[in-house]
Each structure stands twice: as structure tokens, then as C-alpha cells.
Amino acid sequence: TDGARPTRTFLFSTRVAISPMDGVPTVMIRIGNERRRNQIVAASFRLTLSQTTRTLEGVVMYRSLDLDLVRASAPVMTRSWTVQHRIVPESPLYGHTPESMAKDEAELTLSLAGVDEPSLQPIFARKLWFARDIIWGARLADVLSETEEGNMLLDLARFHDLEPTGPAPAFPYRASGESTGQRDS
């Protein structure tokens, strides 16, 4: 081989969705392997919240906090993957609202690392989302469906799509059709 590193490999959803999953508010980000002929092995994910905070002494700082993931790794990534963070009382996002995230200049950064199987080259990627890119009351649109023959079909045309969800007792948010890219009925 010529030793060239693999070029762009990961595709990130353009927006982050936050909605209940199994009754718990959950951050959801979709990532995809753009080089589907190549498998990414030993993929690992790290999600970080960066925001403006004030210390006990009154000093304003920009701090980064790691967010625990439902699954921080995948043995093999061939197509798409959903990175999830549950917003539970231990989460740095617990108690945040869309308004507080905008006020705190909150940003989410997803970092990925893995190995391109054919070349055995390490692969790194990252994506940053600002508070305006985080849609509360929406979920990632379904991209998997089943064919009549029983095979799974991945619809990449819906990779970036979000669908609004209804408010729940512990989660009063509902995204507008405009924020999800859908038309309101």
C-alpha cells in the first residue's frame, strides 16, 4: 500500500435529538460509516458537554464534562450507530432546559476512534453541536425497515431526519415541525 490514511469515514447527524426513551430523557446522535465496504473495528465514542459555568468564587469559566453513554464502544461498525446518553440525576445535563443550554452556551462534542479493518489504520473523527442544534422533544427518524423478504434495509435518505415526540410527565418538550424538518399537520 502507499501508506495513505483513509479519508472521511464517519457521517454525523446534523442535529442532536433529546426525547424520552424507555421513560428517560435521552440524548441521541446518529453516526454512520460512509465507507460501508470497510468495517470499522474497536470503535469507541466519547460525548462531552462544554458550557459556561461560575465557580463558587464567582469566576466565570468554560468547562467540559464527560457524559456517560449507554454504550461507549462497538466491536464492529458497518453502517449506522446511535450514541445515547440518559439524562438521569447524575448527568451534567440533568435539570437543563433548551433555554438554560442557550444561556450557558452549551455545546456537545462527539469524538470517535476506531481502526479501519482493511488498512489497519487508526481513524479519528469529531463533531460539535451548539445549543441551537439540539432539538428537545424529537427523536431520530427510523432508518431501518424490513423488506418483504425479511431483510433489513438501511434508508440513508433519512439519516439526518428527526421526528417530533409528544410531551411526557417528566419531559414537557415537543419540537415544532420546523425544528425537526417536518411539516406540521
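Residues numbered from 1 in each chain as written. Predicted model: local features only at pLDDT ≥ 70, side-chain atom pairs only at ≥ 80, totals over all residues. Heavy atoms only, no water.

Tell me about the pattern of salt bridges, and please be specific about residues and values.
By the definition in use, this model includes six salt bridges. Salt-bridge contacts for Asp161 lead to Arg158; the nearest nitrogen and oxygen are separated by 3.6 Å. Between Arg158 and Glu163 there is a salt bridge, with its nearest N and O atoms 2.7 Å apart. Ionic contacts of the salt-bridge type, sharing partners, join the residues Arg139, Asp142, Arg158, Asp161 and Glu163 into one network. (Salt bridge = Lys/Arg side-chain N within 4 Å of Asp/Glu carboxyl O.)

Any details on the packing of aromatic side chains? Residues and values, ideally.
Using the criterion set out here, one finds five aromatic pairs in the structure. When the centroid spacing of 6.2 Å and the interplanar angle of 70 degrees are considered together, the rings of Phe12 and Trp129 count as edge-to-face. With Phe12 in strand E1 (residues 10–12) and Trp129 in strand E9 (residues 121–130), the pair connects residues that are 117 residues apart, well separated along the chain. Comparing Phe12 with Trp129, the two get one shared label, buried. On the basis of an interplanar angle of 10 degrees and a centroid distance of 6.2 Å, the ring pair of Trp136 and Phe171 is categorised as stacked. Pair noted here: Trp136 is in strand E10 (residues 134–136) and Phe171 is in the loop between strand E14 (162–164) and helix H2 (177–180), with a separation of 35 residues, a long-range link. Across the pair, Phe171 and Trp136 agree in class, each one buried. These aromatic residues form a ring-pair network of at least three members: Trp136, Phe171 and Tyr173. (Phe/Tyr/Trp six-rings, centres within 6.5 Å; stacked < 30°, edge-to-face > 60°. Helix = DSSP H or I, 4+ residues; strand = E, 2+ residues; numbered from the N terminus. Buried < 20%, exposed > 50% of the residue type's maximum accessible area, 1.4 Å probe, protein only.)

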